[in-house]
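Chains, contacts and geometry: an overview
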Amino acid sequence: MPSSSPNSPRARFLELGEPERALWLDPAEAEFVAHGFERASLNRIIASAGESKGRTYHYFSGKGALFDATLERRLEPLAGLMFTPEALADIDPAGFWKALATLSARLTERFQQDATLAALVRTLHREKAAQEAVSDKLAGFRARIEGVLAAGRSVGAVRDDLPLSMLADVALDVLISVDRWFARHADSLPDGDEAALSQRAFSLLMTPLLPQSKNEGPLS
């Protein structure tokens, strides 16, 4: 969730215990999974929660804030899988890419295990309004990518002939494109193929980021 003042709806919501938060988040999750973001009904969520509009707006500024909180709860278990740039700054180039490939495999496994999270992320791919609702999260994710690439550059694993911000944009675009493809096609893949295909797709991310000496192209 975005940062907030001590008196904001978000701050008040964060002061609640997990059972109270779930009163809204459980029905919100079901609603967003079933209908997406734009077609989801805040009134249906409020009714399912057994709460009033007044009390709901005391904790949420609107449907976007509720979607943001719902997605955040699903993402929380993934936090322990993530690397900090500092953790990647003292390994060799091969170790850097091996660490990221391992992270990619673990994230793929989690998405396979958590159909609800996968559905919420599919909503992000499909609906611009959903992206806008979590714009702070997406900006934070991009900043994390840039930090990881900076760590990779410091150990010689990432090319240094292009601006880091450009490389971060390229990496984010590749990640989104690959994840969007899996969101559309995963259900039609034979059992066991998704993980193997995801591992091979990791090369799509790795190749444009490698130092030029290891990734010579036709313009070299």
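Predicted model only: the values in this text are computed from it and were never measured.

1. Digging into the overall build of the chain
The helix and strand inventory of the chain stands at 12 helices and 0 strands. Helices and strands appear in the chain in the N-to-C order α-α-α-α-α-α-α-α-α-α-α-α. Overall size of the chain, expressed as C-alpha extent along the three principal axes, is 65 × 45 × 30 Å. Across the 220 residues of the chain, 40% fall into the buried class. Partitioning the intrachain contacts of the chain with sequence separation of at least 6 by distance along the chain shows that 67% fall at a separation of at least 24. Of the accessible surface of the chain, which amounts to about 12,000 Å², a share of 54% is contributed by carbon and sulfur atoms. For the chain, the separation between the mean place of its 25 positive charges and that of its 30 negative charges on side chains is 3 Å.

2. Details of the environment of Phe-141
Mapped onto the fold, Phe-141 is located in helix H10 (residues 135–154). Sequence separation of Phe-141 and Leu-172 is 31 residues, and the distance between their C-alpha atoms is 8.8 Å.

3. A word on the pattern of salt bridges
Taken as a whole and judged by the stated rule, the model has 13 salt bridges. Between Arg-21 and Glu-18 there is a salt bridge; the shortest N-O distance is 3.4 Å. Taken together, the residues Arg-21 and Glu-18, both in helix H2 (residues 18–35) and 3 residues apart, mark about one turn of the helix. On the basis of relative accessible area, Arg-21 is assigned to the buried category, the value being 16%.

4. Regarding the side chain of Arg-21
Separated by 3.1 Å, the side chain of Arg-21 and the backbone oxygen of Leu-16 make a polar contact. In contact with Arg-21, not counting residues within four places along its chain, are Phe-13, Leu-14 and Leu-16.

5. Section: the domain arrangement of the chain
Once the domains are mapped, the chain shows domain 1 (11–74) and domain 2 (82–212). Taking only C-alpha atoms, the centre of domain 1 and the centre of domain 2 are 28 Å apart. If you look at the interface, domain 1 gives 13 residues, while domain 2 gives 13 residues. Looking at the side of domain 1 facing domain 2, the largest losses of area belong to Phe-67, Leu-71 and Arg-74, adding up to 45% of the total buried there. One salt bridge connects Lys-137 with Asp-68, and the closest N-O pair in it is separated by 2.9 Å. At the level of secondary structure, the elements contributing two or more residues to the side of domain 1 that touches domain 2 comprise H2 and helix H5 (63–75). For the side of domain 1 that touches domain 2, the element with the most residues is H5, which contributes 7 residues. Of the residues belonging to the side of domain 1 that touches domain 2, the class tally is 5 nonpolar, 3 polar and 5 charged.

6. Focus: the packing of H5 against helix H8 (residues 115–126)
With their axes 10 Å apart at the nearest point, H5 and H8 run at an angle of 135° to one another. By the angle between their directions, the pair H5 and H8 is classed as oblique. The handedness of the crossing between H5 and H8 comes out as left-handed. Residues Phe-67, Thr-70, Leu-71, Arg-74 and Leu-75 of H5 form the contact with H8, whose own contacting residues are Thr-116, Leu-117, Leu-120, Thr-123 and Leu-124. Grouping the amino acids of the contact of H5 with H8 by side-chain chemistry returns 6 nonpolar, 3 polar and 1 charged.

7. Focus on helix H7 (residues 93–113)
Between the first and last C-alpha of H7 there are 31 Å, a value that for 21 residues agrees with the 30 Å anticipated at 1.5 Å per step. Those residues of H7 that fall on the buried side of the exposure criterion are Phe-96, Trp-97, Ala-99, Leu-100, Ala-101, Leu-103, Ser-104, Leu-107 and Thr-108. Considering only its buried residues, H7 is in contact with helix H6 (85–88), H10 and helix H12 (193–206).

About the thresholds
Residues numbered from 1 in each chain as written. Predicted model: local features only at pLDDT ≥ 70, side-chain atom pairs only at ≥ 80, totals over all residues. Heavy atoms only, no water. Helix = DSSP H or I, 4+ residues; strand = E, 2+ residues; numbered from the N terminus. Buried < 20%, exposed > 50% of the residue type's maximum accessible area, 1.4 Å probe, protein only. Contact = heavy atoms within 4.5 Å. Areas by Shrake-Rupley, 256 points an atom, 1.4 Å probe, with all protein chains shown as cover. Lys, Arg positive; Asp, Glu negative; His and termini not counted. Charge placed at Lys NZ, Arg CZ, Asp CG, Glu CD. Salt bridge = Lys/Arg side-chain N within 4 Å of Asp/Glu carboxyl O. Polar contact = N/O pair within 3.5 Å; in protein donor to acceptor, adjacent residues only side chain to side chain. Domains from an automatic or database assignment. Buried area = accessible area lost by both parts, 1.4 Å probe. Nonpolar A, V, L, I, M, F, W, Y, C, P; charged D, E, K, R; others polar. Axes fitted to C-alpha atoms, helices over the stretch in contact; angles between N-to-C directions. Parallel < 35°, antiparallel > 145°, perpendicular 65-115°, else oblique. Left-handed = near helix turned anticlockwise from the far one by under 90°. Expected span 1.5 Å × (residues − 1).

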